[in-house]
Amino acid sequence: MSIDIATIPELLKFNRAMTLKILDEISEFSDPTSALTFRPGPGRAHIAWQIMHLGITEELFASQRLRSTDSSLTQWFDSYQKGSNASDEIPSIDTIRSVLNESRENILDAISQITAADLETVPAGLSERGWTNQMALQILCWHEPHHQGQAHLTLNSWKAQQ
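Attention here is on the structure that accompanies the text. (Residues numbered from 1 in each chain as written. Predicted model: local features only at pLDDT ≥ 70, side-chain atom pairs only at ≥ 80, totals over all residues. Heavy atoms only, no water.)

Considerations on the overall build of the chain
And step 1. The helix and strand inventory of the chain stands at six helices and zero strands.
And step 2. Tracing the chain from N to C terminus, the helices and strands come up as α-α-α-α-α-α.
And step 3. Here the chain has a C-alpha radius of gyration of 16 Å; the compact-globule value for 162 residues is 15 Å, and the two agree.
And step 4. Dimensions of the chain, computed from the C-alpha atoms along their principal axes, are close to 50 × 25 × 25 Å.
And step 5. Counting over 162 residues, the chain shows a buried share of 43%.
And step 6. A fraction of 73% describes how many contacts in the chain between residues 6 or more apart in sequence connect residues 24 or more apart.
And step 7. Summing over all exposed atoms, the chain offers an accessible surface of approximately 8,600 Å²; the carbon and sulfur share of this is 50%.
And step 8. Mean positive and mean negative side-chain charge positions of the chain (12 and 20 charges, respectively) differ by 6 Å. (Helix = DSSP H or I, 4+ residues; strand = E, 2+ residues; numbered from the N terminus. Rg over C-alpha atoms; globule rule 2.2 N^0.38 Å. Buried < 20%, exposed > 50% of the residue type's maximum accessible area, 1.4 Å probe, protein only. Contact = heavy atoms within 4.5 Å. Areas by Shrake-Rupley, 256 points an atom, 1.4 Å probe, with all protein chains shown as cover. Lys, Arg positive; Asp, Glu negative; His and termini not counted. Charge placed at Lys NZ, Arg CZ, Asp CG, Glu CD.)

Printed below as a string of structure tokens:
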């Protein structure tokens, strides 16, 4: 069963609205950095990492996995890609929004270049994982709700301690 590529941008748009809702809420706090740096436990990822990870993952898919192109966000890759450890250095809400916006534009551009005939193709950037374009698009649609949920739970835990 093939997915409908045309629905992917709409799913991503909805998912992003939920993520931005968390950022909007945090930006209204008297000390937004306190919420962004909150960790659900020792050594666990803070809210800023969860949200930046979303943008950087999309950028990695847009620039290295679905296609091969340059990225202006490479300075963030090591800090926010899969397997990275959440640092105590926290980007500002404006920086987080900028990364989310730029990476979203880039992933939508990459997706626009995939046709139905390409869905079963394994792009070079995903050959090690053996993921087809279809699997990559499904993962992208799942990824943001997964981490948005973690950020939401972490935010609720932070609020409970205030």
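Let us keep going from here.
Things to note about the pattern of salt bridges
And step 1. Within the structure shown, the criterion is met by eight salt bridges.
And step 2. For the salt bridge of Glu 25 with Lys 159, the shortest nitrogen-to-oxygen distance reads 2.5 Å. With Glu 25 in helix H1 (residues 8–27) and Lys 159 in helix H6 (residues 133–160), this residue pair connects regions lying 134 residues apart in the sequence.
And step 3. Judged by its relative accessible area of 33%, Lys 159 falls in the partly exposed class.
And step 4. Here Arg 39 ties to Asp 88 by a salt bridge, and the two come within 2.9 Å at their closest N and O atoms. Of this pair, Arg 39 sits in the loop between helix H2 (32–36) and helix H3 (47–65) while Asp 88 sits in the loop between helix H4 (77–80) and helix H5 (93–112), and the two are 49 residues apart along the sequence. (Salt bridge = Lys/Arg side-chain N within 4 Å of Asp/Glu carboxyl O.)

Digging into the packing of H1 against H6
And step 1. Contact pair H1 / H6: the axes reach a minimum separation of 10 Å and the direction vectors enclose 15 degrees. Put simply, H1 runs roughly parallel to H6. Crossing angle aside, the handedness with which H1 passes H6 is left-handed. Where H1 approaches H6, its residues Ile 8, Leu 11, Leu 12, Asn 15, Arg 16, Met 18, Thr 19, Ile 22, Glu 25 and Ile 26 are matched on the opposing element by Leu 137, Leu 140, Cys 141, Glu 144, Pro 145, Gln 148, Ala 151, His 152, Leu 155 and Lys 159.
And step 2. Taken together, the residues of the contact of H1 with H6 break down into 12 nonpolar, four polar and four charged. (Axes fitted to C-alpha atoms, helices over the stretch in contact; angles between N-to-C directions. Parallel < 35°, antiparallel > 145°, perpendicular 65-115°, else oblique. Left-handed = near helix turned anticlockwise from the far one by under 90°. Nonpolar A, V, L, I, M, F, W, Y, C, P; charged D, E, K, R; others polar.)

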